[in-house]
Amino acid sequence: MTFALLAALAFQSDPRIESVERLVGNANRPYLWAPLAVKLSSAAGFEGDLVVQSSLGLRFVRRVRVPANGSERILLPAIDPQKIIAGGTTAVVPGDLGSPDLLILVDARLPYATALASDDRVLYRAIDAADLARLLSLGLLDACDLILLKESSGLALGSARAWVVAPSRAEAEAAVSSHPGPREPVRLVDVDLWALAPEAGWVPAKKDRTVLLVALYALASFAGMVFVGRTRPSRAGAALVGVSALGIFAFLLFFPRRHLWISESACEVVPVEGDAAAVRLWFAGAAAGLRPAIRFPVIVKPVFPRLGDADEPLTIRVDERGSTAEGFALAAGRRICFAAVEGRTPSMRALERVPRPLVSASVRRGGRLRYLGDLEAGVDWSAPGREGPGPREEEARPWSRFLQGDAACGWLDRSDRPAEDVGSTDLADGRRRPLFFIQRLK
Amino acid sequence: MEDERPASVLLYLSWIGALCGTLLLLLGDVLPVRLVFVRPETLFLCLLEVELAFVVFVWPWFIPSLALPDAPARGSTLRLLREVGLLVVASLPPALIAANVSNVEPGDFLLAQALLWVMGAFAATLFSVGLGRRWTVGAWYLLGAFAVSSVLPFGAFIASSLGVCDLTWLARISPFWAAERGDPFWPVLVYGVLAVALWSFSPGQRRIAA
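Caption draft 1: Looking closely at the overall build of chain B. Assigned secondary structure in chain B consists of eight helices and zero strands. Across the 210 residues in chain B, those meeting the buried criterion constitute 43%. For chain B, contacts bridging at least 24 residues in sequence account for 78% of all contacts bridging at least 6.

Caption draft 2: Spatial organisation of the overall build of chain A. Helix and strand counts for chain A come out as six helices and 25 strands. If you line up chain A on its principal axes, its C-alpha atoms span 95 × 65 × 35 Å. The 442 residues of chain A split such that 43% are buried. Considering only contacts within chain A whose residues lie at least 6 apart along the sequence, 67% involve residues at least 24 apart.

Caption draft 3: Examining the sheet that holds strand S10 (residues 146–149) of chain A more closely. Residue and element names in this part refer to chain A. The strand order across the open sheet built from four strands is S9-S8-S10-S11, with neighbouring strands paired in parallel fashion. Looking at strand neighbours, the two that pair on one side only are strand S9 (122–127) and strand S11 (163–165), the edges of this open sheet. The sheet shows a mean angle of 20° between the axes of neighbouring strands, direction not considered. Where strand S8 (residues 102–107) lies against S9, six bridges are found, and the strand directions are parallel. Each residue of the ladder has a partner; that of Asp 107, found in S9, is Ile 127. Sitting on the sheet, helix H3 (residues 169–178) touches S8, S9, S10 and S11, and the angle it makes with S10 is about 165°.

Caption draft 4: Broad picture of the interface of chain A and chain B. Listed as interface residues are 32 residues of chain A and, on the opposing side, 27 residues of chain B. Elements that contribute at least two residues to the side of chain A that touches chain B include exactly helix H4 (204–231) and helix H5 (236–254) of chain A. Looking at the side of chain A that touches chain B element by element, the count peaks at 13 residues for H4 of chain A.

Caption draft 5: Local environment of the packing of helix H4 (residues 106–132) of chain B against helix H8 (residues 185–201) of chain B. All names here are of chain B. The geometry of H4 relative to H8 is characterised by a closest axis approach of 8 Å and an angle of 30° between their N-to-C directions. One finds that H4 runs roughly parallel with respect to H8. In the crossing of H4 with H8, the sense of the turn from one axis to the other is left-handed. Two secondary-structure elements touch here, H4 through Leu 111, Ala 114, Leu 115, Val 118, Met 119, Ala 121, Phe 122, Thr 125, Leu 126 and Val 129 and H8 through Phe 185, Pro 187, Val 188, Tyr 191, Gly 192, Leu 194, Ala 195, Leu 198, Trp 199 and Phe 201.

Caption draft 6: Structural context of the nonpolar core. Leu 141 of chain A together with Met 119 of chain B are the most contacted members of the largest nonpolar core, which totals 188 residues. Those residues in contact with Met 119 of chain B that sit more than four places away from it in its chain are Leu 52, Val 55, Val 56, Pro 175 and Tyr 191 of chain B.

Caption draft 7: Representation of the domain arrangement of chain A within the structure. Each assigned domain of chain A is listed here: domain 1 (2–92), domain 2 (102–178), domain 3 (187–203 + 256–442) and domain 4 (204–254). Centre-to-centre, using C-alpha coordinates, domain 2 of chain A lies 66 Å away from domain 4 of chain A.

Cut-offs applied
Residue numbers here run from 1 along each chain, matching the order of that chain's written sequence. Written order determines the labels here, with chains lettered from A and ligands numbered from 1. Totals for whole chains, interfaces and linings use every residue, but because this is a predicted model, local features are given only for residues with pLDDT of at least 70 and side-chain atom pairs only at 80 or more, for both listing and counting. Each helix is a run of H or I in the DSSP string that is no shorter than four residues. Each strand is a run of E no shorter than two, and both are numbered from the N terminus. Between the buried cut of 20 or more and the exposed cut of 12 or fewer other C-beta atoms within 10 Å of a residue's own C-beta lies the partly exposed class, and all C-beta atoms are placed from the backbone. The contact criterion used is a C-beta to C-beta distance within 7 Å, with each C-beta placed from the backbone. In this scheme, strands are said to pair when DSSP sees at least two bridges between them. Here an axis means a line fitted to C-alpha atoms, over the contact stretch when the element is a helix, while the angle between two N-to-C directions is reported on a 0 to 180 degree scale. Throughout, the term roughly parallel applies to angles under 35 degrees, roughly antiparallel to angles over 145, roughly perpendicular to angles from 65 to 115, and oblique to all others. A clockwise turn of the near helix away from the far one marks a right-handed crossing, whereas an anticlockwise turn of less than a right angle marks a left-handed crossing. To form a nonpolar core, buried Ala, Val, Leu, Ile, Met, Phe, Trp, Tyr and Cys residues must be joined through C-beta atoms within 7 Å. Where each domain begins and ends follows an automated or database-derived domain assignment.

Here's what the structure looks like:
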């Protein structure tokens, strides 16, 4: 396979794909990110799309520019990559993949980074510090079970599933053998998270606005008819036309005429120290058949309820400000989900007490779950409650995979808010559901 | 607008009540069961079928009280046609909303409105001519409307299911069937031509008996 790749690379036209590198190593994790570093050179200069084609219908595309007689090293998100396409040039992604139990990324600055020996169970992969920082900031390291770091400062470690600063090899080996296990990743096919999907079909804002406008129209018509009918019945027709004109005017002014809805559900997982991980899911659907382009503030991956759905074409176009999902069809009543995990400053850190109000809070210690209800700011986790799950258990269950050990959880808001950082020219209704908050307690 | 009667107000109220009430019932989640046929893509069709049902079966009941007793039959017909036009205009706000929800193309929307108007105009012309010539139209009209609306599509369905013959061409003149198929061209043509033919037979100067 490697020979075939080298042979293929040797006979390329302009631009040339000099090398393709799997940044998280040759581990077979087809539902998780497998970011690539592609070195591209060009004699005449190249400006165009660099495309990563996966084994499914998924393509990741990045617009690149290579100066004449120059070269560029480009980081690309990918999931189960098979082929790289740049202009008329195609290269096969190396595919000699193992299936280790643990994939451990090692900061290349560590003195023992290249000395760690991989085996069938554990795959160590040294990574350049700059690449590591970039991939962490993009949230593309969900395939890695553990990251061994020289230092943690300046890194967006919230997106890492597990990390440890291990200046010496002994500390690294101790961390590998004793680590409790990484946070659960969000996979390309993830049926559990689909429990959070809103009902398909109706655009909520359109349905609500239809009921409102139709009720107002009926009310106005009845009022107009009763008033005119009692005073000047001969003007009833004119009154009807007038009310109808008002109704049309109200439709043009106040009715959302586009067809796409997007609903964001998010969970923030706050560790005892360090950055929080924000798991963000965007569900989108349409009441009518559409081919929308949806703009996201981060790089997203699709999440399907069934593997068969992943075969349909879908393009994620990546740029410096996020990504755009396009090239897919949303039939009436069909839903699609996109996910991203990003590291960020926690909304609050609530190890002892909650600095902000928490709705429908629960706490789990020693495997026992206690429902505390709505908590005011300043209340601690020993507040009176009752044993067992809360009334919103069904809603919380998809997030419970991120609880891991002793933890407290609840919702930071009571009601939906407008989704401000996603967009589409077809968007009729974008909303963000209340943020689910998880505080790890140890 | 001379000699308006409260019947027109009652007609308008019934019309608005039927349309808005239908949408509120379908979308307001007030029924104890979920209506599986009500989906975004079928909302416009649901509304159109209710509009057609009103125009075909309810609107004719208002015609005798709306026809001008002292006017020539053609003058009375014109007034009835104007009333049908007013009904279509009054239905525009809910129809536009439903069409947007169902993502109906403008051409299909206009054809649906034309179907409504033509069905109303056909009934108006038929009753107006019947009143002018002192024919008993009502019972025969209802029987015919029932046959065309349901017997023909049902017969076509049975014939097609049994593999006897293809009677779909016959079912196409049912306005309900045509609306459901999204192809109201034939009913618009057939009932439009019939309305014009009836109009040409209407007694121009004869006055309608009160």
